[in-house]
Amino acid sequence: MSFSLSCLIVEDEPSSSDTLQAYLALEYPEITKIQTAASIEEALQKQATYHPNLIFLDIELPDGTGFDFLRKVKRRDFEVVFITGHDNYAIQAIRFAAIDYLLKPILTEDLINAMDSVFSALDKKDRMNRLELLLQNPNESRRIALPQKNEYILVAVSDIMYCEADGPYTRFILNDGKMLMVSKGLREYDPLLSESNFFRVHKSYLVNRKYIKKVVRSDGGYLVMENDNQVPISKLKKDEVFASLGL
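Below or above, wherever it landed, is the structure these notes cover. (Residues numbered from 1 in each chain as written. Predicted model: local features only at pLDDT ≥ 70, side-chain atom pairs only at ≥ 80, totals over all residues. Heavy atoms only, no water.)

**Some points on the packing of aromatic side chains**
When we look at a pair of aromatic rings, we describe it by the centre distance and by the angle of the planes.
Here's step 1: Tallied over the entire structure, the rule returns 5 aromatic pairs.
Here's step 2: Measuring from ring centre to ring centre gives 6.2 Å for Tyr162 and Tyr205, while their planes differ by 50°; the resulting arrangement is tilted. Taken together, the residues Tyr162 in strand β10 (residues 160-166) and Tyr205 in strand β14 (residues 205-208) connect sequence positions 43 residues apart.
Here's step 3: Every member of this aromatic cluster is reached through a ring pair, and the members are Tyr23, Tyr28 and Phe119.
Here's step 4: Of note, Arg130 hangs over the ring of Tyr152, and the distance from its end group to the ring centre comes to 4.0 Å.
Here's step 5: Sitting above the plane of the Phe242 ring, Arg217 keeps its charged end 4.4 Å from the centroid. (Phe/Tyr/Trp six-rings, centres within 6.5 Å; stacked < 30°, edge-to-face > 60°. Helix = DSSP H or I, 4+ residues; strand = E, 2+ residues; numbered from the N terminus. Lys NZ or Arg CZ within 6 Å of the ring centre and 35° of its normal.)

Put into structure tokens, the structure is as follows:
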């Protein structure tokens, strides 16, 4: 790897912080400096002094939350991996912003996957935009960060017409006719979008209800979307889909 990293671990549990620090020092020579902090106040001081480009950030801290820390930072020019002891409400917002997280106790496999994502994200643009997305007002129009080759594109969820699986990839069809291919499977986005008017009509399709133009019962059943594309309905999903649409 051609670049080096400086890292800040913001974690108030000494055992968790020590374990993470030791593993990173042992397995990732790219990380040349590792600092630790146990509170928001200490983390703000260390961030301002050392300017880390990677922060492991506990969600629950003695003097607030990891989100409070991010709101107080003047320049968010770093990658973040969240740490949490619970699969809680915050995880959904974190995943919408395409940010990684680790559940405690931290598993080696999860940490390796998170670091792989960090190295990939460091080559992309829009780092600060993703953190802004994470901290946006919940009442604002929800957006999702979709990774592309050299950047993350922030897309309003309401502008997504449907998603189509393509092997390990997902194709996003937008209401303006654009298509975005993402290197993550459809199962990654199903739980994220299912609370935003989307539902699974087929193993390969996740559909935004508001863009359904017509429902056809013949030929096995399919949907006609606003762009006139046809989306098949699986046999196993047919009754569920029709009931969901009030048919």
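**Concerning the side chain of Arg76**
Here's step 1: Following the sequence through the fold, Arg76 ends up in the loop between α3 (66-72) and β6 (79-84).
Here's step 2: The exposure class assigned to Arg76 is buried, which follows from its relative accessible area of 12%.
Here's step 3: Within the structure, Arg76 has its side chain in polar contact with the backbone oxygen of Leu70 (distance 2.6 Å).
Here's step 4: For Arg76, the side chain forms a polar contact with the side chain of Glu132, separated by 2.5 Å.
Here's step 5: With sequence-adjacent residues up to four places away left out, Arg76 is seen in contact with Leu70, Arg71, Met128, Leu131, Glu132 and Leu135. (Buried < 20%, exposed > 50% of the residue type's maximum accessible area, 1.4 Å probe, protein only. Polar contact = N/O pair within 3.5 Å; in protein donor to acceptor, adjacent residues only side chain to side chain. Contact = heavy atoms within 4.5 Å.)

**Topic: a nonpolar patch on the surface**
Here's step 1: A surface patch of nonpolar side chains, amounting to about 270 Å² of accessible area, comprises Tyr169, Met179 and Met181.
Here's step 2: Turning to its location among the elements, Met179 is positioned in strand β12 (residues 179-182).
Here's step 3: Residue Met179 is classed as partly exposed on the basis of its relative accessible area, which comes to 42%. (Patch = residues over 30% accessible without salt bridge, like charges linked within 9 Å, V, L, I, M, F, W, Y side chains within 5 Å. Areas by Shrake-Rupley, 256 points an atom, 1.4 Å probe, with all protein chains shown as cover. Salt bridge = Lys/Arg side-chain N within 4 Å of Asp/Glu carboxyl O.)

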